[in-house]
Amino acid sequence: MDESDTDAEDLGGMLRTLLTGLLTQNNDQKHLLNKLRGLVKNIGWKPTDASELFDALLKRFRSTTNDRSHLHSWMMEMLHCIESNYITPTWRKEKTLIELVRDENVTEEELKKCLTKEEEKTLEEILQEIRQQKLNQIDENLLCEVEDIVSSVYHNLTLGKYALQQTGLKKDLLRLCQAAEKMKFRPRLTQMVSLCIMALSKTGRLIQVGTGEGKSCIVAMFAAFRALRGEKVDIMSSSSVLAERDLNEWKDFYKELNVRVDCICNKQEEALKKCFECQVVYGTVEDFAGDWLRHNFQRKDIFGQRKFECAIVDEVDSLMLDKGLHVVYLSSEMPALQHLRPLLAFIWTTVNRYSKIGRETSVRSSILRKVAEEIKHSVRYTPCDLSQDKRICYVPGFLSDLVESKLEVWIKNAFFAQTMSTDHEYVIERHGVVPVDYSCTGVVQNNMKWTDGVQQFLEMKHGSKLSDMTAITNYMSNVGMLQKYGDQIFGISGTLGQQTETETLQKIYKGIQTCQIPSFKRRKLFEVDGVIVENDNKWIEKICDVVTTQTSPTPFRGQRAVLVICETISRAKVLHHALGDKVPNKELYISNNMDNTAIFAHKLEAGEVIIATNLAGRGTDLKVSEPVNTAGGLFVLQTFLPKNARVEAQAFGRTARQGAPGSAQLIVCSNHLSEPLQLLFLKKKLESLLRNIRDATTMLEGNSSRLLRFNQSGIGGGQIMSSMLSDILSENSNSVMKTVKKMRDDSVAEELASFLENDIPQIRKKEELFNQYLGILEEVYKSQDDKPEDSYVSALNEFWGMWRLTNLKSSESIEDLKDKLKQDLEKARQKLNQGESPLSNLHHYTAAGNELREKGHLAECIQLYTKAIETDRCWAAVAYYNRAFASLALQNGHQDPKCINQALEDLKNALKSVELYCEQSEVTCRYSRQPIMDLSGDLETRSDSHMLARKEALMFFKAHIYKAIEKVDRASGLGGAVKVKESLLFFLVPLVHFLPLLILVTGSLTQIRSRDPLEIQQLLSHPSFDIFHELRCLESLGLTHIYTLDTLFSLGGFFSKLKRQIFSNS
């Protein structure tokens, strides 16, 4: 037998060994088969091509060694290298992969180096990829112009020529690139192409730039380009952290170009004004919307002469679609809503009694009716006679329309709050209950609160400090803010989404076109087949298996780093606990309120695991060490089905960046899917089970037949063996994941259609009405020389806020609503001009009376306090108190008996009214605490300390009134008078009660100086501040000052008093 026959026989033996293992499902050979199937299913190899590659690799192995013992590990190593570098059948470096494998002159080391090393794409390759993208809206003429400009600038950069030798956009681009080079960063070809496309676009352009491709560079260069043309540019980042980071990173670049730049995040009023004088301003869309409201609603001159000329939006899909309906509003004081506390508490305790029924089924209308009836039976509208029943909730009469229109909404929201859970929709922070954007960004939204009672119900649920309900008087949506820039919106994102999403954006923002920019190097993301498991236990087990497998070394690769992304904080904690000692080197990244600098301070090393929420998705840049890249890069494991393909792509975009390798996989628990998707999963699982039972015999017969043919093939059976492997690789595994994703994407398309048809018209309707109100407000300021009384503006704002709550119905046309608003605002202004409250709100009269008192118009202020008392005597404690002292001050030190007696009567009535405040505070405390008492007994909560501070403030007010009554009574008895002294409200409380606050503030000077919004927020939420906040609540009701009395004895007055008594007795 000659040598060639021996080689053929050896090769045949190796093939026989491997294929026998594949067919009999030997464990090692099963892993090998999965690698080959991965090439077919996930990289796009045809089964015949994969079989041919397998054959070529076997021959290469035989040509390099006679030792077959490490064939499996060698084969796995080569296939892993092909997989991790995402080598496609069309991949070519002078030769195709199969040609390189067959070339005996190419050493194994050279082969691996050839597969691993990736060159940057040429300009021609980049432009050709842009042409081939179906969703790109860009004509050939523009691309030719881009090619001419970029090629010229790139050539000049290479030669080191200056911009003076160029003209037009070539000169501008060269200047920008040279400025960037001075920062030791030369823009890549893809970044130059992106900038040119935006610069040459007459209207807005949305650019998709892959994650890790240098979006911040494109943003800075385009912003500088527009600024150098004399325009004002607003850059909107997805978070204040990213805005400040990008500003600091590119500050020297702008300085080199003499472009003034600043960031508006966390700035005070004067600093904001200076910011908006700059040519380029960084911030978040919420910051820009908030400043617009300060300028136009609060009448603060924030913007100066700045106009909306150009907006550059980072993560544009998130801001325009996912958060398009997010509304920014500035808090407006509406003291009257404090009176709703007892009612909300009663709703909460009533709903808790029905919560078991509510959890077992959807909340039926019959249950809602029962709850509503029970609540209405316990509500009394004032003014009315007060009952001895301490369970009654008293609500000022002017809030009756609000209660009647919103009661059902509040009840539904109380049931909804019952279904919500901590570390899912919200977290408990030191400053209270805080929403979490768990479905998109994972961000803990410190400055957001739920409306329509949800916030208050969650606070009661957890015994947190109870906040007051707010009536929104001003608002600006992300959509409304961005539309102010007309057709000059330029956006950048790693994920613009599918055709439905880009079309939706173009319908909302007119004139915008899209373009997808290729990566500057070939992307090497290998997506492992997704898995859906039946229950939580199997889900946890599967995730732990995958993580431990990836972080453990194998004969063909080293340890990898893993990023596990969870849907909620609670599930991240569960997985962190489940991994336990299996993965010693792991960290949680679940809250932006935690110090996470250690996670990003170093490159992820082999074996490290980060368990995170979506917080680690969009905008997160994780670096990995060289050993991790060599082993296959970062492995991203997404443990839930994202709400849309864009969120999924953002998560997978954390790996395989800038030409580095990486892998990603979805592992989903069916229990975590929506109900329709759960039903679909069960259906597909049943179909698969029936199919497997039917095909079991066929599969056994097929494998036996293959083995027989294989063993009979001998040395000359290469074609049969290749055909057999191709058949195995062609076997389809039905992917339930693909079906589930398809259904999710269809659902997203329906949601986007609804977004366009229903949500966008509603938000536009609200903003049109708000703009109409702003027009009325402008008239008010003009008619009063830009200095209307605070009480006037406050009352008008309050009327508008209440009108919006009670009148805004989705069914009514915008024209009808605008007509109604116009008429109602005219009536409201007429009432205000006549000194009346548009809502018959007694607190308006008290506030207006205070303004007159401060001006020294005591007689007039007494009239307004009297109006407040006549409107609703039940809640008129402050009005009674203020009237008593205004009357005494009017005749200060010389009061006649009538004045003294009237003041005494007012103070006694004030005392009765304060008693009602105390009783209703007790009602709030009792009802809000009852569900917690049922669960945790007498455990003291944050709500308890807050309620105690409220009780103390009212008790100090009562004690103060008692003292005043004693002194006025003494003066009355002695026929004397009193001297009135005015003091600040905070002197109502003995100074000793402010001592904890003083100690806290002294120890927190560092946090105060840092002006960190979160730290300030948490500081202000400390229990030591409660008494201060409760005094501010009394102040908002009109108790701006307190008064002390000195009794003046008069001998003449005493005899006069004695004389009156003698005559009265006779």
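Residues numbered from 1 in each chain as written. Predicted model: local features only at pLDDT ≥ 70, side-chain atom pairs only at ≥ 80, totals over all residues. Heavy atoms only, no water.

### Topic: the overall build of the protein
Rules: Think of it this way: any DSSP run of H or I at least four residues long counts as a helix, any run of E at least two long counts as a strand, and we number them from the N terminus. In this scheme, a residue with accessible area under 20% of its type's maximum is buried, one over 50% is exposed, and one in between is partly exposed, where area comes from a 1.4 Å probe on protein chains only.
When helices and strands are tallied, the protein shows 41 helices and 24 strands. Split into buried and exposed, the 1066 residues of the protein put 53% on the buried side.

### A closer look at the nonpolar core
We count it as follows: The criterion is simple. A nonpolar core is a set of buried Ala, Val, Leu, Ile, Met, Phe, Trp, Tyr and Cys residues joined through side-chain atoms within 4.5 Å. Residue contacts are counted whenever heavy atoms from the two residues lie within 4.5 Å of one another.
Among the nonpolar cores identified, the biggest contains 166 residues, and Leu340, Ile347, Trp410, Ile411, Tyr881 and Leu888 are the most heavily contacted of them. Here the element with the most residues in this core is helix 35 (residues 897-936); it accounts for 13 residues. Residues within four places of Trp410 in sequence aside, it is in contact with Leu340, Leu343, Leu344, Ile347, Leu402, Val403, Asp452, Phe457 and Met469. If you look at the next biggest cluster of nonpolar residues, it comprises 59 residues, including Leu169, Val209, Ile235 and Ala243.

### Structural notes on helix 11 (residues 215-228)
Applied cut-off: The span you would expect from a helix comes to 1.5 Å times its residue count less one.
For helix 11, with 14 residues, the first-to-last C-alpha span of 20 Å sits near the 20 Å given by 1.5 Å per residue. Two residues or fewer past helix 11, Gly230 is found with a positive phi of approximately 90°.

### Things to note about the packing of aromatic side chains
The line we're drawing: Between the rings of Phe, Tyr and Trp (Trp by its six-membered ring), a pair exists once the centres lie within 6.5 Å; its type follows the angle of the planes, with under 30 degrees stacked, over 60 edge-to-face, and the other angles tilted. Geometrically, a lysine NZ or arginine CZ counts as sitting over a ring once it is within 6 Å of the ring centre and also within 35 degrees of the ring normal.
Enumeration according to the criterion identifies 27 aromatic pairs in this entry. Measuring from centroid to centroid gives 5.8 Å for Trp348 and Phe457, while their planes differ by 20°, and the two rings are stacked. Of this pair, Trp348 sits in helix 16 (residues 341-360) while Phe457 is found in helix 19 (residues 454-461), placing the two residues 109 residues apart along the sequence. Judged by its relative accessible area of 1%, Trp348 falls in the buried class. Judged by relative accessible area, Phe457 falls into the buried class, the value being 0%. A cation sits over an aromatic face here: Arg188 above Phe520, 3.9 Å from the ring centre.

### Some remarks on the packing of helix 11 against helix 12 (residues 240-256)
The relative placement of two packed helices comes down to the angle between their axes together with the axis-to-axis distance. Applicable threshold: For helices, the fitted axis covers only the stretch in contact; all axes are lines through C-alpha atoms, and the angles between them, taken along N-to-C directions, range from 0 to 180 degrees. Each angle receives one of four descriptions, namely roughly parallel if under 35 degrees, roughly antiparallel if over 145, roughly perpendicular if within 65 to 115, and oblique otherwise. We call a crossing left-handed when the near helix sits turned anticlockwise from the far one by less than a right angle, and right-handed when that turn is clockwise. In this count, Pro and Cys sit with the nonpolar residues alongside Ala, Val, Leu, Ile, Met, Phe, Trp and Tyr, while Asp, Glu, Lys and Arg are called charged and the others, Gly among them, polar.
For the pair helix 11 and helix 12, the least separation of the axes is 11 Å and the interaxial angle reads 45°. When the interaxial angle is binned, helix 11 and helix 12 end up oblique. Two packed elements cross with a definite hand, and for helix 11 against helix 12 that hand is right-handed. From helix 11, Ser216, Cys217, Ala220, Met221, Ala223 and Ala224 reach across to helix 12, where they touch Asp246, Glu249, Trp250, Phe253 and Tyr254. Taken together, the residues of the contact of helix 11 with helix 12 sort by class into eight nonpolar, one polar and two charged.

### Topic: the side chain of Glu798
Using the following cut-off: Positive: Lys, Arg. Negative: Asp, Glu. His and the chain ends are not part of the count. A carboxyl oxygen of Asp or Glu within 4 Å of a side-chain nitrogen of Lys or Arg is what we treat as a salt bridge. What qualifies as a polar contact is a pair of N or O atoms within 3.5 Å, subject to a donor-acceptor requirement within protein and to the restriction that residues adjacent in sequence count only when both atoms come from side chains.
Residue placement: Glu798 occurs in helix 30 (residues 790-807). Notably, Glu798 is buried but unbridged: the nearest opposite-charge side chain belongs to Lys831, and the N-O separation is 12 Å. A distance of 2.8 Å separates the side chain of Glu798 from the side chain of Asn841, its partner in a polar contact. Residues in contact with Glu798, not counting those within four places in the same chain, are Met334, Ala336, Leu839 and Asn841.

### Here we look at the pattern of salt bridges
Going through the model one piece at a time under the given rule, you end up with 63 salt bridges. When the shortest N-O distance is used, the salt bridge between Arg102 and Glu52 registers 3.0 Å. In this pair, Arg102 is assigned in helix 5 (residues 97-102) and Glu52 in helix 3 (residues 47-64), connecting sequence segments 50 residues apart. Among the residues examined, Glu52 registers a relative accessible area of 31% and is labelled partly exposed. For the salt bridge of Glu768 with Lys818, the shortest nitrogen-to-oxygen distance reads 3.3 Å. Of this pair, Glu768 sits in helix 29 (residues 736-783) while Lys818 sits in helix 31 (residues 814-833), and the two are 50 residues apart along the sequence. A relative accessible area of 30% places Lys818 in the partly exposed class. Three or more residues are tied together by salt bridges with common partners; here these are Lys215, Glu315, Asp317, Asp322, Glu501, Arg618 and Arg646.

### Looking at helix 10 (residues 189-200)
The end-to-end C-alpha distance of helix 10 is 16 Å, a good match for the 16 Å that twelve residues give at a rise of 1.5 Å each. Among the twelve residues of helix 10, eleven are classified as buried, and the element is accordingly described as predominantly covered. Leu189, Thr190, Gln191, Met192, Val193, Ser194, Leu195, Cys196, Ile197, Met198 and Ala199 are the residues of helix 10 that are buried.

### Overview of the environment of Asn758
Tracing the sequence through the fold places Asn758 in helix 29. You can call Asn758 partly exposed: its relative accessible area is 40%. Along the chain, Asn758 and Ser810 lie 52 residues apart, while their C-alpha atoms are 9.2 Å from each other.

### A closer look at the sheet that holds strand 3 (residues 205-209)
Strand pairing in a sheet relies on backbone hydrogen bonds, with the paired strands running either antiparallel or parallel. In plain terms, the rule: When DSSP finds two or more bridges between a pair of strands, those strands are recorded as paired.
Taken together, seven strands build an open sheet; the order of strands is 5-6-4-7-14-3-15 and the sheet is parallel. Since the sheet does not close on itself, it has two edges, and those belong to strand 5 (261-263) and strand 15 (513-517), each with one partner. Taken over all neighbouring pairs, the strand axes of this sheet differ in orientation by 15° on average, direction set aside. Here four bridges tie strand 4 (residues 233-237) to strand 7 (residues 310-314), and the two strands are oriented parallel to one another. For Asp234, the partnering residue across the bridge sits in strand 7 and is Ala311. Across the sheet, helix 12 is in contact with strand 4, strand 5, strand 6 (280-284) and strand 7; its angle to strand 6 comes to roughly 160°.

### Some words on unusual backbone geometry
Residue Pro383 is reached from Thr382 by a cis peptide bond, and omega for that bond is 5°. Inspection of the secondary structure assignment puts Pro383 in the loop between strand 9 (379-382) and strand 10 (393-396). Positive phi, close to 50°, is recorded for Tyr86, a residue that is not glycine. In this fold, Tyr86 is placed in the loop between helix 4 (71-84) and strand 1 (92-93). One non-glycine residue, Arg299, adopts positive backbone phi at about 65°.

### Quick notes on the environment of Asn644
Position of Asn644 relative to the elements: it lies in the loop between strand 21 (634-638) and helix 26 (645-652). On the accessibility criterion, Asn644 (4% relative accessible area) is buried. Considered as a pair, Asn644 and Gln498 are 146 residues apart in the sequence and their alpha carbons are 10.0 Å apart. Apart from residues no more than four positions distant in its own chain, Asn644 is found in contact with Asp322, Glu501, Arg744 and Val748. Within the local environment of Asn644, its side chain forms a polar contact with the backbone nitrogen of Arg646, the two atoms lying 3.0 Å apart.

### A short note on the side chain of Glu118
If you trace the backbone, Glu118 turns up in the loop between helix 6 (108-116) and helix 7 (123-132). Within the structure, the side chain of Glu118 is placed 3.1 Å from the side chain of Arg522, a separation counted as a polar contact. The residues contacting Glu118, other than those within four sequence positions of it, are Lys93, Lys521, Arg522 and Lys524.

### Re the packing of helix 36 (residues 942-974) against helix 40 (residues 1026-1036)
Look at helix 36 against helix 40: their axes get within 9 Å of each other, and the N-to-C directions meet at 50°. Judged on the interaxial angle alone, helix 40 and helix 36 are oblique. Viewed along their axes, helix 36 and helix 40 form a crossing whose handedness is right-handed. Listed contacts from helix 40 to Arg942, Ser945, His946, Ala949, Arg950, Glu952, Ala953 and Leu954 of helix 36 are Asp1026, Ile1027, Glu1030 and Leu1034.

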